[in-house]
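# A closer look at the structure
Each chain is listed here by its residues.
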Number of protein chains: 2
Amino acid sequence: MTDANLHPSSPTIPFFERVAHAVNLKNNVSVAGLDPVMSLIPDSLKKSSIEATLVAYNTALIDSFYDIIPVVKLQLACYEAFGLEGMHAYVKTVAYAKQRGLLVIADAKRGDIGSTAARYAHAFLEAEGDFVADALTVNAYLGSDGVLPFIEQLVKSNTGIFVLVKTSNPSSGELQDLIVQDGRALYEVMADYVVDWGKQTTTDAFGYHQVGAVVGATYPDQLKTLRKRMPGSWLLLPGYGAQGAVAEQLAPAFNASGQGALVNASRSIMGAHAAKAYQSIASTLDGFAKATRMECETMLQTLNDARTQQPNK
Amino acid sequence: MTDANLHPSSPTIPFFERVAHAVNLKNNVSVAGLDPVMSLIPDSLKKSSIEATLVAYNTALIDSFYDIIPVVKLQLACYEAFGLEGMHAYVKTVAYAKQRGLLVIADAKRGDIGSTAARYAHAFLEAEGDFVADALTVNAYLGSDGVLPFIEQLVKSNTGIFVLVKTSNPSSGELQDLIVQDGRALYEVMADYVVDWGKQTTTDAFGYHQVGAVVGATYPDQLKTLRKRMPGSWLLLPGYGAQGAVAEQLAPAFNASGQGALVNASRSIMGAHAAKAYQSIASTLDGFAKATRMECETMLQTLNDARTQQPNK
């Protein structure tokens, strides 16, 4: 499989199988976050409208890493914050990323009652539509009937979801770490639902089902537990770079073959051009691209170290 | 206070105080859901584009009830499902509703880590911006640091939030009803956080703080418990009409003065024109308006019965 057929408009291959192929092809489990904040955009990329500026920035970022990064993640909040112009920029960015052969995760953390969840599934996971990505993050506080419409849709369109299980933020334990009557932590209850929901999807050529899980790399003990508890799920780990997780913390996320987890970095990649380490090269557009790519290469190396060190062999 | 100054562009009155004034003015605790689904839109309101059709439909609905209904709620999934055209229709609908003196809840159930939650708060609760409403529904599975950015914003802009506590759907108990180590149900844990978060906001002239809670009218026992547990919160109850809750189930939601809860109906109002009960009158545009208004009047009467019957006096 080549880069070009990872991303057909109506895929016939399950999402996480496409992820595994892309990861193998580029030997990289990195996810680059495309989460624009105006203060991080260099003047050289600023255009006459917000929409054009956001698109120019995202395009420059994608151009600098598309051949070494397999997946991008767009944080919807960063587009909604710019209103309609932001949403137009989201649509153009998703289209450009797909054109460059990247898989696209819409990080929207959607979740609602069944009939409404079906509308979100239509918005983000159907084969056609402005906002459609390859996968969506889902908040499952409402339980199974809020998740099943996503499952039904993703099976039809060969897309995927990542359910929030144990999030990376400092307060995540307030609810997620609570111990329930049968002795499980709430995040373990959620993980067990992920396993159940996964059974209702396609098992792909690599043995994974199509329900992934968001697990914070900032909680290494829980990460170890959850890796074992959801052996058929790809994990999506935010928290690299700006949020602080390092290679040895990430190692337990991978399975014996060094697969099964994607690691996201947003601020460290998007702000590489403004970082002290790259100050000497980043003053021009060519320098912006070099600084971004160098940060991606550093991340790639760190993550491949983590995959080698993983204790699950 | 008159209808006209309930909704200034930069309000100086806290959101839930504006709600109380609007409820008193119209003697009505109804919230009309504006959640368009193409199959419910009569041919007479269909235009040459999806955006124009959605706007025409919402405008006709608003025109039929704006003088008797205090609050509308827009389910973001129903707009995102139509892509960019849907979002343009959302923006125009919010503007028209405000112009008609209605308070607007964006039912988006957003929630994320702190820095991202701040972007959502900017998108939905700042004084300016395409998507800004008077209040937003929030999913707090991530804990306090995902909620506090909304609190900071709502205090500045006199907007409000409703945190999902016990949702109306059949599976809501899978996670929300779990009993944690100290004996509380998870929905009670969430309710206690709502009380804490509320303390960090303004207490208004009616004694309410500015953090509301979503509680399903479909679970009357939990509704009774949660009414007592969150005495300073306005509750938002989905589940009237299409989801099945009736007056006696709703009664416990109100406080001694018959205030403190808003009840939402979406499908029963939006589909009134197609309902058997209104079949004889709804065949024209004038009939559409009459059918919609009659359904709103029936709901008003039911809810005022519930407010009178409430056991909390």
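The notes below deal with the structure included here. (Residues numbered from 1 in each chain as written. Chains lettered and ligands numbered in written order. Predicted model: local features only at pLDDT ≥ 70, side-chain atom pairs only at ≥ 80, totals over all residues. Heavy atoms only, no water.)

## Observations regarding the overall build of chain A
Applicable threshold: Working definition: helices are DSSP H or I runs of at least four residues, strands are E runs of at least two. Numbering for both runs from the N terminus. We take the radius of gyration over the C-alpha atoms and set the globule estimate at 2.2 Å times the residue count to the 0.38 power. For each residue, the accessible area found with a 1.4 Å probe, counting protein chains only, is set against the maximum for its type, and the residue is called buried under 20%, exposed over 50%, and partly exposed in between. The contact criterion used throughout is that any non-hydrogen atoms of two residues lie within 4.5 Å. Here the open area of atoms and residues is found with the Shrake-Rupley method and a 1.4 Å probe, where only the protein chains shown may cover a residue. Residues counted as positive are Lys and Arg, residues counted as negative are Asp and Glu, and His and the chain ends are not counted. A single reference atom marks each charge: NZ on Lys, CZ on Arg, CG on Asp, CD on Glu.
Secondary structure summary: chain A contains 12 helices and eight strands in total. On C-alpha atoms alone, chain A measures out to a radius of gyration of 18 Å, which is about the 20 Å that the 2.2 N^0.38 rule sets for 313 residues. With the C-alpha coordinates of chain A rotated into their principal frame, the extents come out at 60 × 40 × 40 Å. A burial count over chain A gives 65% of its 313 residues as buried. A fraction of 73% describes how many contacts in chain A between residues 6 or more apart in sequence connect residues 24 or more apart. When the accessible surface of chain A is summed, it comes to about 10400 Å², and 52% of that surface belongs to carbon and sulfur atoms. Taken together, the 25 basic and 30 acidic charged side chains of chain A have centroids lying 3 Å from each other.

## Re the packing of aromatic side chains
All names here are of chain A. Rules: A pair of Phe, Tyr and Trp rings is counted when the ring centres sit within 6.5 Å of each other, with Trp represented by its six-membered ring. The angle between the planes then sorts it: under 30 degrees is stacked, over 60 is edge-to-face, the rest tilted.
This structure, assessed with the given rule, holds 18 aromatic pairs over all chains. Taking the centre distance of 5.4 Å and the plane angle of 20° together, the rings of Tyr 193 and Trp 197 count as stacked. Separated by four residues within a single helix, Tyr 193 and Trp 197 lie in helix α8 (residues 186-199), roughly one turn from each other. Trp 197 shares its class with Tyr 193; the two are buried. Members of the aromatic cluster, joined through ring pairs, are Tyr 79, Tyr 90, Phe 124 and Phe 131.

## What about the interface of chain B and chain A?
Condition: Every case where a carboxyl oxygen of Asp or Glu lies within 4 Å of a side-chain nitrogen of Lys or Arg is listed as a salt bridge. Each polar contact in these results corresponds to two N or O atoms within 3.5 Å; when the atoms are within protein, one needs to be able to donate a hydrogen and the other to accept it, and residues that are neighboring in sequence are counted only if both atoms are side-chain atoms.
With 59 residues of chain B in contact, the opposing surface of chain A contributes 59 residues. The salt bridge involving Arg110(A) is made with Glu80(B); its shortest N-O contact spans 2.9 Å. Across the contact surface, chain B and chain A share 28 residue pairs in polar contact (both at pLDDT 80 or more). If you list the elements that add at least two residues to the side of chain B that touches chain A, you get α3 (76-80), α4 (83-99), β3 (103-110), α5 (114-125), α6 (144-157), β5 (160-166), α7 (173-176) and α8 (186-199) of chain B.

## Details of the sheet that holds strand β2 (residues 71-75) of chain A
Residues and elements named next belong to chain A. This is how it is decided: Note on pairing: DSSP must find at least two bridges between two strands before they are called paired. Comment: axis = line fitted to C-alpha atoms, over the contacting stretch for helices; angle = value between 0 and 180 degrees taken between N-to-C directions.
As summarised here, the arrangement of the eight strands in space is β1-β2-β3-β4-β5-β6-β7-β8, forming a closed barrel in which the pairing is parallel. Along the sheet, successive strands turn relative to each other by an average axial angle of 30°, direction set aside. The strands touched by helix α1 (residues 15-26) are β3 (103-110), β4 (135-138), β5 (160-166), β6 (211-215) and β8 (261-265); relative to β5, the strand with the most contacts, the crossing angle is about 85°.

## Concerning the side chain of Asp107(B)
Considering the arrangement of structural elements, one finds Asp107(B) in strand β3. Since its relative accessible area comes to 3%, Asp107(B) is described here as buried. Each residue touching Asp107(B), except ones within four places of it in the same chain, is listed here: Tyr120(A), Lys73(B), Leu74(B), Gln75(B), Leu76(B) and Thr137(B).

## Digging into the sheet that holds strand β1 (residues 30-33) of chain B
Residue and element names in this part refer to chain B. Read around the closed barrel, eight strands run β1-β2-β3-β4-β5-β6-β7-β8, paired in parallel fashion. With strand direction ignored, the average angle separating the axes of adjacent strands in the sheet is 30°. Here β1 runs beside strand β2 (residues 71-75); their pairing, made up of three bridges, is parallel. Looking across to β2, one finds that Gly 33 is bridged to Lys 73.

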